[in-house]
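Fold and contact review
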Amino acid sequence: MRLIEQIREMQSWSERERCAGKRLVLVPTMGSLHEGHLSLVREGRKRGDLLVVSLFVNPKQFAPDEDYKNYPRDLERDRNLLEKEEVDILFHPSVEEVYPEAHQAHVEVEKLGQFLCGAFRPGHFRGVATVVAKLFNIVRPHVALFGLKDYQQFRIIRRMVEDLNLDIEIVGQPIVREKDGLAMSSRNAYLGEQERQAALCLYRSLRKAESLVHNGERESGRILSAVRGEVEKEALARLEYASLCDPSTLEELKGIRDKALLALAVWIGKARLIDNTILKA
């Protein structure tokens, strides 16, 4: 596996390989890799000739009071994991490389960024869209893979690609969970032993909603009330939001006719955890 840290070098490599007829695949990450990331890497290997994994903790998607400085980082561990997966390129630029002092341009997907996490993290998805657009222009992949745990991010990136006529296939991959149901996340590293157990309330609340819908419930108010109740049983949990919304537009639904996205954000100690499921009528 080759490590590239400079944008010009990454662009030159991509241009050369594209001219040679190779199909390039990109898996963007912020590092602190877990099995969820590696599932994207393995799927990416199947979808092209050459696989690039980017590792960049993007300051533009963190608010001043968020955990940018403390976000878990372990380059050597991540590098070893990617070596074992036979990744071709690890692209690991510095912040100064990605955002030089004169940087002013940003990308924003306006409406989709207003809902769910966007309502509580102003500017977050502008930072996400900006860095992903830059990565697409630098790596020039034919395919890019994203995990569906960050469902809103996936929808925003797909909308950006469609709206800007970028010739990139955006692939969403299912949530990868621990054996007890907790969605894998780099921020799980923040959890102490008791907090780790408390975090299972997210999964239990999703399963509660799935059971209600399976048994015929369709009214969003009753479903969300049950979800909130399940989270509130856990003393260490603080619900930020629970939303039942259209999977494409992310607009709130009054009930389920066909299918709906149930999305959650819950604070467990200093860890802000998100999870979701698609409910089908």
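Heads up: these notes are all about the structure in this document. Since the structure is predicted, the reported quantities are computational estimates derived from the model, not experimental observations.

What follows deals with the environment of T29. Relative to the helices and strands, T29 resides in strand 2 (residues 24-29). Residue classification places T29 among the buried residues on the basis of a relative accessible area of 8%. From its side chain, T29 meets the backbone oxygen of S54 in a polar contact 2.9 Å long.

Here strand 5 (residues 143-147) lies mainly inside the structure; 4 of its 5 residues are buried. Looking at chain direction, strand 2 and strand 5 are connected through 2 bridges and run parallel. Among the inter-strand pairings, V25 is bridged to a residue of strand 5, identified as V143. Two strands pair when backbone bridges link them, and strand 5 and strand 6 (residues 169-173) are joined in this way by 5 bridges, in the parallel orientation. When the bridges of strand 6 are listed, V143 appears paired with E169. Handedness of the β-α-β unit built from strand 5, helix 7 (residues 151-163) and strand 6 comes out right-handed.

Turning our eyes to something else, we now look at the packing of helix 6 (residues 124-139) against helix 7. For any two helices packed against each other, one specifies the crossing angle of their axes together with the interaxial distance. Look at helix 6 against helix 7: their axes get within 10 Å of each other, and the N-to-C directions meet at 55°. If you check the angle between helix 6 and helix 7, you find them oblique. You can see that helix 6 and helix 7 cross each other, and the crossing is right-handed. On the side of helix 6, the interface is formed by F125, V128, A129, V132, A133 and F136, while helix 7 contributes Q152, Q153, I156, I157, M160 and V161. Taken together, the residues of the contact of helix 6 with helix 7 break down into 10 nonpolar, 2 polar and no charged.

Under the criterion given, the structure shown has 24 salt bridges. Note that D163 and R159 form a salt bridge whose closest N and O atoms lie 2.9 Å from each other. Of this pair, D163 and R159 both sit in helix 7, 4 residues apart, which is roughly one turn of that helix. E217 is the partner of R222 in a salt bridge, and the nearest nitrogen-oxygen pair spans 3.1 Å.

It is worth spelling out the state of the cysteines at this point. What is meant by a disulfide is a covalent connection between two cysteines, made through their sulfur atoms. Counted according to the given criterion, the structure contains 0 disulfides. Considering cysteine sulfurs only, C245 is the nearest to C117, which forms no disulfide, with 11 Å between them.

This part covers the sheet that holds strand 7 (residues 237-245). In sheet architecture, strand pairing relies on hydrogen bonds along the backbone and comes in two forms, parallel and antiparallel. Here 3 strands make up an open sheet; going across it, the order is 7-8-9 and the pairing antiparallel. Edge positions in the sheet fall to strand 7 and strand 9 (271-280), since each of these pairs with one other strand and no more. Ignoring strand direction, the axes of neighbouring strands in this sheet form an average angle of 15°. Pairing of strand 8 (residues 259-268) with strand 9, which is carried by 10 bridges, proceeds in the antiparallel orientation. Across the sheet, residue W267 finds its bridge partner in strand 9, namely R272. Packed onto the sheet, helix 10 (residues 220-232) meets strand 7, strand 8 and strand 9 and runs at close to 160° relative to strand 7.

As a further point, take the sheet that holds strand 6. With parallel pairing, the 6 strands of this open sheet are ordered in space as 1-4-3-2-5-6. Every interior strand has two partners, whereas the edge strands, strand 1 (2-4) and strand 6, have only one. The average angle at which neighbouring strand axes cross in this sheet is 25°, direction not considered. Across 3 bridges, the pairing between strand 1 and strand 4 (residues 89-91) is parallel. Its bridge partner lying in strand 4, L3 is registered against L90. Strands strand 1, strand 2, strand 3 (50-55) and strand 4 of the sheet are contacted by helix 1 (residues 7-19), whose axis makes an angle of about 130° with strand 1.

Conventions and cut-offs
Residues numbered from 1 in each chain as written. Predicted model: local features only at pLDDT ≥ 70, side-chain atom pairs only at ≥ 80, totals over all residues. Heavy atoms only, no water. Helix = DSSP H or I, 4+ residues; strand = E, 2+ residues; numbered from the N terminus. Buried < 20%, exposed > 50% of the residue type's maximum accessible area, 1.4 Å probe, protein only. Polar contact = N/O pair within 3.5 Å; in protein donor to acceptor, adjacent residues only side chain to side chain. Pairing = 2+ DSSP bridges. Right-handed = clockwise from strand over helix to strand, strands pointing away. Axes fitted to C-alpha atoms, helices over the stretch in contact; angles between N-to-C directions. Parallel < 35°, antiparallel > 145°, perpendicular 65-115°, else oblique. Left-handed = near helix turned anticlockwise from the far one by under 90°. Contact = heavy atoms within 4.5 Å. Nonpolar A, V, L, I, M, F, W, Y, C, P; charged D, E, K, R; others polar. Salt bridge = Lys/Arg side-chain N within 4 Å of Asp/Glu carboxyl O. Disulfide = S-S within 2.5 Å.

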